Amino acid sequence: MAALTNMTLKAALDGLSTKAFSAEELARAHVSAIAAANPHLNAFVLETPDKAIEMARASDERRAKGEAGPLEGASIGVKDLFCTEGVQSTAGSKILNGFKPPYESTVTANLWRDGAVMLGKLNMDEFAMGSSNETSAFGPVSNPWKAAGSNQALTPGGSSGGSASAVAADLCLAATASDTGGSIRQPAAFTGTVGIKPTYGRCSRYGMIAFASSLDQAGPIAKTVEDAAILLTSMSGHDAKDSTSLDIETPDFASFVGKSIKGLRIGIPDEYRLDGMPSEISKLWDEGIEWLKAAGCEIKRVSLPHTKYALPAYYIIAPAEASSNLARYDGMRYGLRVDGGSLIDTYEKTRAEGFGAEVKRRVLIGAYVLSAGYYDAYYLKAQRVRRRIAEDFDKAFEEVDALLTPTAPSAAFALGDRVSDPIAMYLNDVFTVTTNLAGLPGLSLPAGLSGEGLPLGLQLIGRALDEGTLFSIAGVMEDAAQFRAKPTRWW
Ligand code: GLN
């Protein structure tokens, strides 16, 4: 059944609708692919084969009755950050060990409403804090890609490393993911997949285990631009259960793919040309610019002068919000509890045992920057910087319709390479955190291969709520890039 797993989401939906195969056959093919690959890739933290077959059968019945939804029968993976009713949801943390939510996240509920089938829960950095999937309590995920001539295991990126690895290795047609500072786009870039973080408020955060609530957004990781558009359309929509969810219509994002982009103005931000950036990244960026010129776009240099403050501001705001969000894990209501001699002792033992080192680091930084003595110097200052960054984008978007940048400053790096150096790890997010701070949509698409034969991504940043334009541009770039490479199977 290998052919069934090699398909794009679009091709699978077409095949299901012409009855070339059933949802059950499709689910079974993915279930066996996962069983064979997961001991090597560690992309899934929980496989739910029985649930997948049951959901697939129900889907086939709906189709037989003529009640097919837009994702009817599609086999999907779910990042373990999304609460799934009755199915363990841990956000990659030991502290949520055994937690089976009594409710479903809105994003996943939307997918099931539209007919999708769940294959299981995908590995991720603990509470989505990380860029390499190495902070997960379930151990790191391996990238299906390896450098030419090397057997070294590489990171699939993070925090949505399980989602990216699973999609790249054809273990699911597409996956949900989340992005607080780059966690959809950087893993997509590292694995040759497409990922989009939509405008803040497009997807409901209800039932997404919170990291930094003012930055967190759900989005898809998929095999093609069109697949990402199809999945995002289902994931999006207003939800009264999230007060930051936008009460607006969801466009049919797939209808934007294939549109002409002639006459669009594309901005190239000066500040994203970093000193010491690998030349192959600059070269790829220049190539992307050429593709857009050839498609009739006007290319303009723009300036985003506060870019250099984005990482420091992000690494104050995100931990501040995280320290507050993670206060709820006290061993009292759900998840892990380590009993101590008193209530406080139980809190302390539970949190000491339940959280990993990176999460503890963020809780400490967050509590520090929110403390009475340092609130103005750090947190308030970072909020002001955040405003300036958003204003930089507003100004740029007076002159251009979208921005083109690299997604990450390097290709996938080796597992173990940067774990002991948090600052080096944080630098990975240099091109992605700005859109989270400004609430804007950002899309990463595979654009080429590095000298070592590893995927490299380019990022498109759009105006708020203008994901449609990003999908149109990405569609044209995907055609130009002709990125057809697949990882060589070793798993
Ligand atoms: N790598 C960033 C961090 O560690 C972003 C993570 C994310 O987007 N969830 O915070």
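Description of the structure in this document. (Residues numbered from 1 in each chain as written. Predicted model: local features only at pLDDT ≥ 70, side-chain atom pairs only at ≥ 80, totals over all residues. Heavy atoms only, no water.)

## Describing the site of the ligand
Near the ligand lie 15 residues; those nearest to it are Thr180, Gly181, Ser183, Tyr314 and Arg362. Ala128 places a main-chain nitrogen or oxygen 2.8 Å from a nitrogen atom of the ligand. Contact with the protein chains covers 100% of the free accessible surface of the ligand, which is 290 Å². Split into classes, the residues belonging to the shell around the ligand amount to 5 nonpolar, 7 polar and 3 charged. (Near = heavy atom within 4 Å. Polar contact = N/O pair within 3.5 Å; in protein donor to acceptor, adjacent residues only side chain to side chain. Areas by Shrake-Rupley, 256 points an atom, 1.4 Å probe, with all protein chains shown as cover. Nonpolar A, V, L, I, M, F, W, Y, C, P; charged D, E, K, R; others polar.)

## Points about unusual backbone geometry
Here the residue pair Gly158 and Ser159 is connected by a cis peptide bond, since its omega of 5° sits within 30 degrees of zero. With respect to the helices, strands and loops of the structure, Ser159 is situated in the loop between strand 3 (117-122) and helix 6 (161-168). For Lys19, which is not glycine, the phi torsion reads 60° and is therefore positive. Mapped onto the secondary structure, Lys19 falls in the loop between helix 2 (9-17) and helix 3 (23-41). Exposure remark for Lys19: the relative accessible area of 59% places this residue in the exposed category. Even without glycine at this site, Asp170 takes up a positive phi of about 60°. Assignment of secondary structure puts Asp170 in the loop between helix 6 and strand 4 (174-179). (Helix = DSSP H or I, 4+ residues; strand = E, 2+ residues; numbered from the N terminus. Buried < 20%, exposed > 50% of the residue type's maximum accessible area, 1.4 Å probe, protein only.)

## A word on the sheet that holds strand 6 (residues 217-222)
The strand order across the open sheet formed by 11 strands is 1-3-2-4-6-5-10-11-9-7-8, and the pairing between neighbours is mixed. Since the sheet does not close on itself, it has two edges, and those belong to strand 1 (44-47) and strand 8 (298-302), each with one partner. Mean inter-strand twist for the sheet, computed between neighbouring axes without regard to direction, equals 30°. The sheet contact formed by strand 1 and strand 3 spans 3 bridges and is antiparallel. (Pairing = 2+ DSSP bridges. Axes fitted to C-alpha atoms, helices over the stretch in contact; angles between N-to-C directions.)

## Points about helix 2
Since the α-helix packs 3.6 residues into each turn, any two residues three or four apart lie on the same face. Among the residues of helix 2, those classed as buried are Leu9, Ala12, Leu13, Gly15 and Leu16. With its buried residues spanning 160° around the axis, helix 2 presents them on a single face. Of the surrounding elements, those touching the buried residues of helix 2 are helix 3, helix 4 (49-64) and helix 8 (225-235). Trailing helix 2 by a residue or two, Lys19 shows a phi angle of about 60°, which is positive. (Arc of directions from axis to C-beta. Contact = heavy atoms within 4.5 Å.)

## Thoughts on the nonpolar core
Counting residues in each nonpolar core, the largest one holds 154 residues, and the members touching the most others are Phe127 and Leu404. When residues of this core are assigned to their parent elements, the largest contribution, 10 residues, is made by helix 10 (residues 310-325). If we ignore the near neighbours within four places in the chain, the residues touching Phe127 are Ala91, Ser93, Ile95, Leu96, Ile209, Ala210, Phe211, Leu326, Tyr329, Phe355 and Val359. (Core = buried A, V, L, I, M, F, W, Y, C linked by side-chain atoms within 4.5 Å.)

## Things to note about a nonpolar patch on the surface
Together, Met332, Leu343 and Ile344 line one region of the surface with nonpolar side chains, adding up to about 260 Å² of accessible area. Here Leu343 shows up in helix 11 (residues 343-354). Residue class for Leu343 comes out partly exposed when judged on its relative accessible area of 47%. (Patch = residues over 30% accessible without salt bridge, like charges linked within 9 Å, V, L, I, M, F, W, Y side chains within 5 Å. Salt bridge = Lys/Arg side-chain N within 4 Å of Asp/Glu carboxyl O.)

## Focus: the pairing of strand 3
In terms of residue burial, strand 3 counts as a mostly covered element, since 6 of its 6 residues are buried. Where strand 2 (residues 75-79) and strand 3 come together, 5 bridges link them in parallel fashion. Residue pairing in the sheet places Ile76 in a bridge with Met118 of strand 3. One crossover worth recording links strand 2 to the parallel strand 3 by way of helix 5 (residues 106-113), and it is right-handed. (Right-handed = clockwise from strand over helix to strand, strands pointing away.)

## Describing the pattern of salt bridges
Enumeration over the complete set of coordinates arrives at 24 salt bridges. The partner of Arg362 in a salt bridge is Glu358, with the nearest N and O atoms 2.7 Å apart. With a gap of 4 residues between them, Arg362 and Glu358 both fall in helix 12 (residues 357-369), about one helical turn apart.

## Here's the deal with the side chain of Ser75
With respect to the helices, strands and loops of the structure, Ser75 is situated in strand 2. Exposure remark for Ser75: the relative accessible area of 0% places this residue in the buried category. Ignoring anything within four residues of it in the chain, the contact list for Ser75 reads Leu26, Ala27, His30, Val117, Leu119, Cys172, Leu173 and Ala174.

Keep in mind these values describe shape, not function.
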